[in-house]
2 protein chains.
Amino acid sequence: MGRTPPGQTRERIYQFVRDRLLSGFPPTVREVKEAFNFRSVQTAREHLEALVNEGRLGKEKGKARGYRLPDSSRLGPPTRLVPLLGRVPAGPLDIAAEDLEGYIPIQAHHSSEELFGLRVRGVSMTGAGILPGDIVVVRRQPTADSGDIVVALIEDEATVKRLRISKNHVELHPENPDFEPIIPDSTDLKLLGKVIEVRRYLERP
Amino acid sequence: MGRTPPGQTRERIYQFVRDRLLSGFPPTVREVKEAFNFRSVQTAREHLEALVNEGRLGKEKGKARGYRLPDSSRLGPPTRLVPLLGRVPAGPLDIAAEDLEGYIPIQAHHSSEELFGLRVRGVSMTGAGILPGDIVVVRRQPTADSGDIVVALIEDEATVKRLRISKNHVELHPENPDFEPIIPDSTDLKLLGKVIEVRRYLERP
DNA sequence: CATCATACCAGACAAATGTATGGTAAGTCA
DNA sequence: TGACTTACCATACATTTGTCTGGTATGATG
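Here is a short report on the structure shown in this document. (Residues numbered from 1 in each chain as written. Chains lettered and ligands numbered in written order. Predicted model: local features only at pLDDT ≥ 70, side-chain atom pairs only at ≥ 80, totals over all residues. Heavy atoms only, no water.)

All names here are of chain B. Viewed as axis vectors pointing N to C, helix α1 (residues 8-23) and helix α3 (residues 41-53) meet at an angle of 80°, and their least axial separation amounts to 10 Å. It follows from the interaxial angle that α1 and α3 lie roughly perpendicular. Along the contact surface, α1 presents T9, R10, I13, Y14 and V17, while α3 presents H47, L48, A50 and L51. Across the contact of α1 with α3, the residue classes break down as six nonpolar, two polar and one charged. (Axes fitted to C-alpha atoms, helices over the stretch in contact; angles between N-to-C directions. Helix = DSSP H or I, 4+ residues; strand = E, 2+ residues; numbered from the N terminus. Parallel < 35°, antiparallel > 145°, perpendicular 65-115°, else oblique. Contact = heavy atoms within 4.5 Å. Nonpolar A, V, L, I, M, F, W, Y, C, P; charged D, E, K, R; others polar.)

Here it is as structure tokens:
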């Protein structure tokens, strides 16, 4: 019976399970057994239980595929995939397939948040470090605070701007001196949400 | 026996299952049954099977939690958690616990890539849309091309700059007119890697 | 040497989970 | 009206999956 030094297989099992969990399809104990060519399910199970006892994995006891990444401050909030949209619907996030560019992984602090990604097309926000081609991650909300960077729909066209609220009206400010603020008619403006994250991919895969 | 118009429950079940799959924990048929207060497992199963027949869900037949998003759903490359470092080691990525600020989820195109995140501290790259507090995602590599944005160690201090390579020497250029290019002595320079992504979190959790 | 901790195996059992069969009820259409 | 489609319910069975009990073997330590 071959046997590895203490801790070596454990570490490889942790990485296998972690990768499976991040890919969205948790393994069964038997899948771990097969992945490592053990002859016994119990071998896999003992490694997994040890990882749970060390706090590196969480677990829903007795449930199929029940191992989880733990909710710990080290790993941060749970990760989920959020749709990257080519076009934003005005209503609820019923995503038509042709509007879906892909998905991006986001650490979501509150699971009730409805998030989406949108690709920036213009240069009106370069002064705020938001360049064409960047992706903004937007939390859907119908209102925002003055000073927030928001995504708004004006006559069915989505735009990223800084919101300025005064007594009588709302303004959408660019962060680029070549552009003028937009003062939309209130019936033409629909605020979609607040930009909570900006991402730039510098390299094509 | 209450009953909804055709297609309405189906749509809500699709969204429930899709969100569970995007969050990384696929549901059992019984979990769908309970989420929708059905009295019978078979009700949930029939909706799920219909979604499979419509091509909106995939499935590993006979497997627990076997429903999947179909391959056409453009999920992108697998996600991994990449360490966010407070200090960059000059050697291999053996991370001391005090240097680890947390983890960020990255879609990794090549599993052999060694990645880390680093928080930007200065204003020398604002012209390139990289602001203080941003996180740069770095792929460890010992060389890069002229024009790449890189992370380099100069006298044990990590800096983010644009690399300029000429015949005789290497320069590290800021993207801010208030700063001068750095022309390091070649023994003082260690190139750690290339910046492949920039992230800005606009909101504290 | 005995003891302990760790890494593995074998087999059986309990529970979770997927699946199948038979059914009711409502709405639409010819 | 009958036939068909769809949305639900009830029950049972088959299979997968988690768990437990008993075991061997190796290396380190007192």
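Alright, that's what it looks like, and here's the rest.
The operation relating the pair of chain copies consists of a rotation about an axis and a translation along that axis. Screw-axis analysis of chain A against chain B gives a translation of 1.5 Å along the axis, an RMSD of 2.7 Å, and a rotation angle of 180°. Each copy turns onto its partner about a two-fold axis. Comparing contact sets, 89% of the residues at the interface of chain A also lie at the interface in chain B, consistent with an isologous, same-surface contact. (Least-squares fit on C-alpha atoms with pLDDT ≥ 70 in both.)

On to helix α1 (residues 8-23) of chain A, then. Helix length check: α1(A) (16 residues) gives 23 Å between terminal C-alpha atoms against 22 Å at 1.5 Å per residue, within 8%. In this fold, the buried residues of α1(A) make contact with α2 (29-35), α3 (41-53) and β2 (67-68) of chain A together with β3 (79-85) of chain B. Phi turns positive, to about 95°, at G24(A), one or two residues after α1(A). (Expected span 1.5 Å × (residues − 1).)

Looking now at the environment of R12(A). Residues and elements named next belong to chain A. Of note, R12 is situated in helix α1. Under the relative-accessibility criterion, R12 is labelled partly exposed at 45%. As for R12 and R140, which are separated by 128 residues in sequence, their C-alpha atoms are 39 Å apart. (Buried < 20%, exposed > 50% of the residue type's maximum accessible area, 1.4 Å probe, protein only.)

We now examine the interface of chain A and chain B. Each side of the interface is counted separately: chain A has 47 residues, and chain B has 47 residues. Summed over both partners, the interface of chain A with chain B buries about 4,000 Å², with 52% contributed by carbon and sulfur atoms. Joining chain A to chain B, the criterion identifies six salt bridges. With its nearest N and O atoms 2.7 Å apart, the salt bridge here joins K194(A) to E203(B). Viewed at the interface, chain B and chain A are joined by 17 residue pairs in polar contact (both at pLDDT 80 or more). Counting residues per element, the ones that place at least two in the side of chain A that touches chain B are α1, β3 (79-85), β4 (100-107) and β10 (189-201) of chain A. (Buried area = accessible area lost by both parts, 1.4 Å probe. Salt bridge = Lys/Arg side-chain N within 4 Å of Asp/Glu carboxyl O. Polar contact = N/O pair within 3.5 Å; in protein donor to acceptor, adjacent residues only side chain to side chain.)

Now for the protein's contact with DNA strand C. Within the structure, DNA strand C sits among 31 residues, and G7(A), H47(A), V29(B), R30(B) and R45(B) are positioned closest to it. The contact in question runs from a phosphate oxygen of DNA strand C to an N or O atom on the side chain of T4(A), over 3.2 Å. Between DNA strand C and T9(A), the relevant distance is 3.4 Å, taken from a phosphate oxygen to a side-chain nitrogen or oxygen of the residue. Looking at which element gives the most residues to the surface near DNA strand C, the answer is α3(A), with four residues. Among the residues making up the surface near DNA strand C, the classes are represented as eight nonpolar, eleven polar and twelve charged. (Near = heavy atom within 4 Å.)

Among the nonpolar cores identified, the biggest contains 34 residues, and V136(A), V151(A), V160(A), V195(A), I13(B) and L57(B) are the most heavily contacted of them. If you list the elements that add at least two residues to this core, you get β3, β4, β5 (115-119), β6 (135-140), β7 (149-154) and β10 of chain A together with α1 and α3 of chain B. Counting residues per element, this core draws most heavily on α1(B), at five residues. If we ignore the near neighbours within four places in the chain, the residues touching I13(B) are V32(B), F36(B), F38(B), H47(B), L48(B) and L51(B). (Core = buried A, V, L, I, M, F, W, Y, C linked by side-chain atoms within 4.5 Å.)

Time to look at the environment of L153(B). As for its placement among the helices and strands, L153(B) is situated in strand β7 (residues 149-154). Since its relative accessible area comes to 6%, L153(B) is described here as buried.

Looking now at the pattern of salt bridges. Under the criterion given, the structure shown has 36 salt bridges over all chains. Linking R139(A) and E203(B) is a salt bridge whose minimum nitrogen-to-oxygen distance equals 2.4 Å. Taken together, the positions of R139(A) in strand β6 and E203(B) in the segment after β10 (189-201) put the pair across two chains. With a relative accessible area of 15%, R139(A) lands in the buried category.

Right, let's talk about unusual backbone geometry for a bit. Phi angles above zero are rare outside glycine, and E155(A) is one such case at about 50°. You can call E155(A) exposed: its relative accessible area is 61%. Backbone geometry at R65(B) places phi at a positive 55°, although glycine is not the residue there. Position of R65(B) among the secondary structure elements: in the loop between β1 (58-59) and β2 (67-68).

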